[in-house]
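Single-letter residue listing:
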Amino acid sequence: MSLKIIGLCMVVIGFLAAPLWAQTPSAEDAAQWRRAEYLLQKGQGEEAYPIYAELLSKFPGHNALLLGRARSAALSRRLDEAEAIYRDLLEKYPRDPILLNERDQVLALKAGATSATFFSLRLRAGYIYDSNANQGAESDVVQVFPNLNNLRITFRDTKKIASSAAYFGANLDFSRRLPSGSPWSFVADSSFYIRGNEDSALKDLKNSEWQWYRLGAGLRYAKGQNLFEFRVKGEVFDYELTNHVLSWGPEITYLRAV
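Residues numbered from 1 in each chain as written. Predicted model: local features only at pLDDT ≥ 70, side-chain atom pairs only at ≥ 80, totals over all residues. Heavy atoms only, no water.

Attention now moves to the pattern of salt bridges. Side chains carrying opposite charge are able to pair once their charged atoms draw close together. If you walk through the whole model with that rule in mind, you get 18 salt bridges. Here R220 and E229 are joined by a salt bridge, their closest N and O atoms 2.6 Å apart. Overall, R220 belongs to the buried group, its relative accessible area being 6%. Between E235 and K233 there is a salt bridge, with the nearest N and O atoms lying 3.3 Å from each other. Here the two residues E235 and K233 agree in accessibility, since each one is buried. (Salt bridge = Lys/Arg side-chain N within 4 Å of Asp/Glu carboxyl O. Buried < 20%, exposed > 50% of the residue type's maximum accessible area, 1.4 Å probe, protein only.)

Right, let's get into the side chain of N171. Take N171: it is sitting in strand 4 (residues 163-177). Looking at N171, its side chain comes within polar contact range of the side chain of R124, at 2.7 Å. If we ignore the near neighbours within four places in the chain, the residues touching N171 are S120, L121, R122, R124, S190 and S191. (Helix = DSSP H or I, 4+ residues; strand = E, 2+ residues; numbered from the N terminus. Polar contact = N/O pair within 3.5 Å; in protein donor to acceptor, adjacent residues only side chain to side chain. Contact = heavy atoms within 4.5 Å.)

Okay, the nonpolar core next. Counting 15 residues, the largest nonpolar core has L67, A82, Y86, L89, L99 and V106 as the members making the most contacts within it. Contributions of two or more residues to this core are made by helix 3 (63-75), helix 4 (79-92) and helix 5 (97-111). If near-sequence neighbours (up to four positions away) are discounted, A82 is found in contact with A70, A73, A74 and V106. Counting residues in hydrophobic clusters, the runner-up holds 12 residues, among them Y52, L55, L56 and F59. (Core = buried A, V, L, I, M, F, W, Y, C linked by side-chain atoms within 4.5 Å.)

Moving on: helix 3. Taking 1.5 Å per residue, 13 residues should reach 18 Å; helix 3 reaches 18 Å between its end C-alpha atoms and fits that length. In terms of residue burial, helix 3 counts as a mostly covered element, since 11 of its 13 residues are buried. N63, A64, L65, L67, G68, R69, A70, R71, S72, A73 and A74 are the residues of helix 3 that are buried. Buried residues along helix 3 sit against helix 1 (27-41), helix 2 (45-58), helix 4 and helix 5. Backbone geometry just after helix 3 places R77 at a positive phi near 70 degrees. (Expected span 1.5 Å × (residues − 1).)

Per the counting criterion, the structure on display carries 8 aromatic pairs. Centroid distance F119 to F174: 5.0 Å. Interplanar angle 50 degrees. Geometry classified as tilted. One end of the pair, F119, is in strand 1 (residues 117-130); the other, F174, is in strand 4, with 55 residues separating them in the sequence. Residue F119 is classed as exposed on the basis of its relative accessible area of 58%. Overall, F174 belongs to the partly exposed group, its relative accessible area being 23%. (Phe/Tyr/Trp six-rings, centres within 6.5 Å; stacked < 30°, edge-to-face > 60°.)

Take the sheet that holds strand 6 (residues 209-223) next. Judged by pairing direction, the sheet is antiparallel, and its 6 strands sit side by side in the order 1-4-5-6-7-8 without closing on themselves. In this open sheet, the two strands that pair with only one neighbour each are strand 1 and strand 8 (243-256). Strand-to-strand twist of the sheet, defined as the mean angle between neighbouring strand axes without regard to direction, takes the value 10 degrees. Two strands pair when backbone bridges link them, and strand 5 (residues 184-197) and strand 6 are joined in this way by 13 bridges, in the antiparallel orientation. Bridge assignment links S185 to a residue of strand 6, and that residue is R220. Against the sheet, helix 5 touches strand 1, strand 4, strand 6, strand 7 (226-239) and strand 8, its axis set at about 125 degrees to strand 1. (Pairing = 2+ DSSP bridges. Axes fitted to C-alpha atoms, helices over the stretch in contact; angles between N-to-C directions.)

If you want it as structure tokens, here you go:
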């Protein structure tokens, strides 16, 4: 199975714009980056790899350079390193389809697999403090007309409430490439997020627990510099299993590498 690199010219698209250079790059550094991109376009990962390594020693943490190093590492069969870089980038941009697609190809190469089916599962959990857990106003009392101090309206239980909270979430992504050599894939995803707030005042407002669920499926087209996805998705946001909002409809993503 050969690795198909998407969008080899890494100039400025989406997540690649940040972080910016920590210092102004020299003309020599810019020329070296252009040379590394050219080598990737030619599939010469072994030659591009040391250039990215040297640039990252000068500009550590730069997302575009990290992606270039991941691609050159994959092409030069440094698959463990490529996987680690894609994993770090996906921590920052967990739903980026180009990163997911390239990471899946690296995993398939590591496993020696020829299967066109890929799964990805990510879990997260934590404990946070929220200074406005109910998204409330500064005060229950609202002054309607500034020049009439005696004319006020009081909205009860609308003042903001601070609370600590625990949360847990998961994301499952699935893709199945259609007939061999086709740029089309069937894609699907599901996610959920649960949060429990500690402050007892939120219980009276039926706002102490939040839940969010998502389910989506559709088709992905990926070829050359273009990636297009169409999914039908549904989402549910719920408070304490008693008050919920449901939304559903199409979701379209298009990316083109410059």
